[in-house]
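# Observations on the three-dimensional arrangement
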Amino acid sequence: MKTLKPKLELNIAKTHSYDILTGLPDRNLFFDRLAQSVAITSRTKKIIAVLFVSVDRLKVINDTLGEAFGNRLLIGLVKRLQGCIRQSDTLARPGRDEFVILLPEIRYPEDAAIVARSILSSMEKPFVLNRQQYSVKLNIGISVFPDDAADPKALLSNAYTAMQRMKELRKNTYQFYSPAMTEKAFERMVMETGLERALQRGEFLLYYQPQIDLRSGLITGVEALARWQRPGVGLVYPGEFLPLMEETGLTIPLGEWALRSACMQNMAWQKAGLRPIRVAVNISANHFHEHDITHTVSRVLEDTGLAPQFLELELTESIFLRKIERTIRALKVLRKMGVNISIDDFGTGYSSLAYLKYFPMSKVKIVEPFISSVAFSNAEGVVARAIIAMAHTLNMKVIAEGVERKEQLAMIRSLDCDELQGNLISRPLPAGKVVHLLAKEKRY
Ligand code: C2E
Ligand code: MG
Ligand code: MG
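Residues numbered from 1 in each chain as written. Chains lettered and ligands numbered in written order. Predicted model: local features only at pLDDT ≥ 70, side-chain atom pairs only at ≥ 80, totals over all residues. Heavy atoms only, no water.

Attention now moves to the site of ligand 1. Taken together, the neighbourhood of ligand 1 is formed by 20 residues, with Glu223, Arg227, Asp344, Glu404 and Asn423 sitting nearest. A distance of 3.0 Å is found between a nitrogen atom of ligand 1 and a backbone nitrogen or oxygen belonging to Ala226. Contacts to ligand 1 include Arg227, whose side-chain N or O atom sits 2.8 Å from an oxygen atom. Looking at which element gives the most residues to the shell around ligand 1, the answer is strand S9 (residues 219-230), with four residues. Its residues assigned to classes, the shell around ligand 1 shows seven nonpolar, six polar and seven charged. (Near = heavy atom within 4 Å. Polar contact = N/O pair within 3.5 Å; in protein donor to acceptor, adjacent residues only side chain to side chain. Helix = DSSP H or I, 4+ residues; strand = E, 2+ residues; numbered from the N terminus. Nonpolar A, V, L, I, M, F, W, Y, C, P; charged D, E, K, R; others polar.)

Here's what the structure looks like:
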């Protein structure tokens, strides 16, 4: 955090920029930083948040217990506030019982609510001074750039207004300048706690989407896709819960659960006498990097008894952006074990052909928009053909996913794809329905 305690030799002209008691930037310095952030951020897609924090009843404490006492309390409070923000954030003290925080770079407005909640919960433990306990209550108003205001002055004043509203309501909590944002942040918090509980309570289930081999027309694999059976709401799709789980680290337990459940399910189908197929499990980049994934996979295979050739891990291109050496090593171990590795959504992200060359994969999944564009533009068609040819040269299979329309099918065949997955063949299905499809041995 940029508190920058003034050094003794600091020239006099600058000392007025810091609050003498706490060493924090004062209103002017804060405003400078805010204006600078707004100027920089206007050119990017980032979001800035300003939190206006007011301390309840500080005047009463000063009046009854003395100013020296109030000051000690303030210093303790500043320490707690500093513990809730990042090095790159700015905490300032514009008034006696007021603080402002600049979060210069957040991804979603709701991130500001996370900081506000962490500040409020840091106040739950009373302060101990002269062996007495004192509880401090805060009101926090939040405004975000560019949604709530386009210039620094309005941004600050909107945060103040939101704080003032809170104070009037005597709620001791936080509020966004825009009521809709408060609601959204609240929904997000409910969802976040709901997701953690959902994992513990086993509210997640897997749907399976068939993948067919284009030569035989038979189902040769399924992709396991997570769904949340949210009580009182119904089936919730990954688009709604995955980003939040990613931020809170919940994709790791979700991934372990999905891996184990999918392998168990596949083993159950085999035990029921059905023709063995592969099951593909999506593995998030976090899960892959933060855990010893090779160890997890071998343990799950051992526990469930599934042979490695019937498991496929779907990884996204984003895993190749970090810890490259380690990633290649882990992939080699997995391939040596006999596990299949596919690269998901190839053609949407960074899509470097080099990935195919350097990372030992068994399959490339190319996505529907990419395949569609082949039909309309020759240049794209050349690229698609190049990817497919290169994958084949490197001994990788190519699956087209998200295929919805019949006319795409002919094109995919002409492109020499190996496999197909999409709503044209079948939507993702509950495990029970997959049994029927497998038992029928239907050729598509
Ligand atoms: P993905 O791995 O690329 O999965 C394919 C998505 O496309 C699925 O959405 C599937 O239902 C959808 N899809 C398949 N065929 C068609 C089609 O013909 N048309 C259209 N419009 N869509 C089609 P879903 O199930 O909502 O999953 C979204 C994403 O969430 C997945 O994309 C995957 O990245 C992620 N995901 C799902 N389950 C898990 C999981 O267990 N763990 C992790 N880490 N990620 C998961
Ligand atoms: Mg996938
Ligand atoms: Mg995909």
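Now for the coordination of the magnesium ion (ligand 2). For the magnesium ion (ligand 2), every protein donor is listed as Glu223 (OE), Asn282 (OD1), Glu314 (OE) and Asp344 (OD), and the spread of their distances is 2.0 to 2.2 Å. Mapped onto the polypeptide sequence, the residues donating to the magnesium ion (ligand 2) form the spacing pattern E-x58-N-x31-E-x29-D. Taken as a pair, the magnesium ion (ligand 2) and the magnesium ion (ligand 3) lie 3.8 Å from each other and share Asp344 as a ligand. Here Glu314 lies in strand S12 (residues 311-316) and Asn282 lies in strand S11 (residues 278-282), a separation of 32 residues in the sequence. What makes Asn282 partly exposed here is its relative accessible area of 28%. On the accessibility criterion, Glu314 (1% relative accessible area) is buried. (Donors = N, O, S within 2.8 Å, 3.2 Å for Na, K, Ca; no water. Buried < 20%, exposed > 50% of the residue type's maximum accessible area, 1.4 Å probe, protein only.)

A four-donor tetrahedral metal ideally has 109.5 degree angles, and a six-donor octahedral metal ideally has angles of 90 or 180 degrees. Distances from the magnesium ion (ligand 3) to its protein donors, Asp344 (OD), Asp345 (OD), Glu401 (OE) and Glu401 (OE), fall at 2.1 to 2.7 Å. In terms of primary sequence, the donors binding the magnesium ion (ligand 3) are separated according to D-D-x55-E. Accessibility expressed as a relative area gives 7% for Asp344, which makes it buried.

Quick look at the side chain of Ser54 now. Looking at where Ser54 falls in the secondary structure, it is placed in strand S1 (residues 47-55). Every residue in contact with Ser54, bar those within four places of it in the chain, is listed here: Asp97, Glu98, Lys137, Leu138, Asn139, Met163 and Lys167. (Contact = heavy atoms within 4.5 Å.)

By secondary structure assignment, the location of Ile142 is in strand S6 (residues 138-145). The exposure class assigned to Ile142 is buried, which follows from its relative accessible area of 0%. For the pair Ile142 and Ala162, spaced 20 residues apart in sequence, the C-alpha to C-alpha distance is 6.4 Å.

With that out of the way, let us pick up unusual backbone geometry. Cis geometry is found at the peptide bond from Phe145 to Pro146, where omega equals 5°. With respect to the secondary-structure elements, Pro146 resides in the loop between S6 and helix H6 (152-169). Of note in the backbone geometry, Asn130 takes a positive phi value of approximately 50° without being a glycine. For Asn130, a relative accessible area of 52% puts it in the exposed group. Even without being a glycine, Arg131 presents a positive backbone phi close to 60°. Looking at the secondary structure, you find Arg131 in the loop between strand S4 (127-129) and strand S5 (132-134).

One pass over the full model with this rule turns up 17 salt bridges. For Glu441, the salt bridge goes to Arg275, with nearest N and O atoms at 2.7 Å. Remark: Arg275 occurs in the loop between helix H9 (251-271) and S11 and Glu441 occurs in the segment after helix H17 (431-440); sequence separation between them is 166 residues. Put simply, Arg278 and Glu419 hold a salt bridge, and the shortest N to O gap is 3.2 Å. One end of the pair, Arg278, is in strand S11; the other, Glu419, is in strand S16 (residues 419-421), and 141 residues separate them in sequence. Note on Arg278: relative accessible area 12%, which makes it buried. Residue Glu419 is classed as buried on the basis of its relative accessible area, which comes to 3%. One continuous salt-bridge network, built from bridges that share partners, spans Glu223, Glu314, Lys365 and Glu401. (Salt bridge = Lys/Arg side-chain N within 4 Å of Asp/Glu carboxyl O.)

The next thing to look at is the sheet that holds S1. Judged by pairing direction, the sheet is mixed, and its five strands sit side by side in the order S2-S3-S1-S6-S7 without closing on themselves. Only two strands of the sheet have a single partner each, and these edge strands are strand S2 (90-95) and strand S7 (174-176). Within this sheet the neighbouring strands show an average axis-to-axis angle of 20°, counted without direction. With three bridges joining them, S6 and S7 adopt parallel strand pairing. Pairing of Gly141 across the sheet is with Gln175, part of S7. (Pairing = 2+ DSSP bridges. Axes fitted to C-alpha atoms, helices over the stretch in contact; angles between N-to-C directions.)

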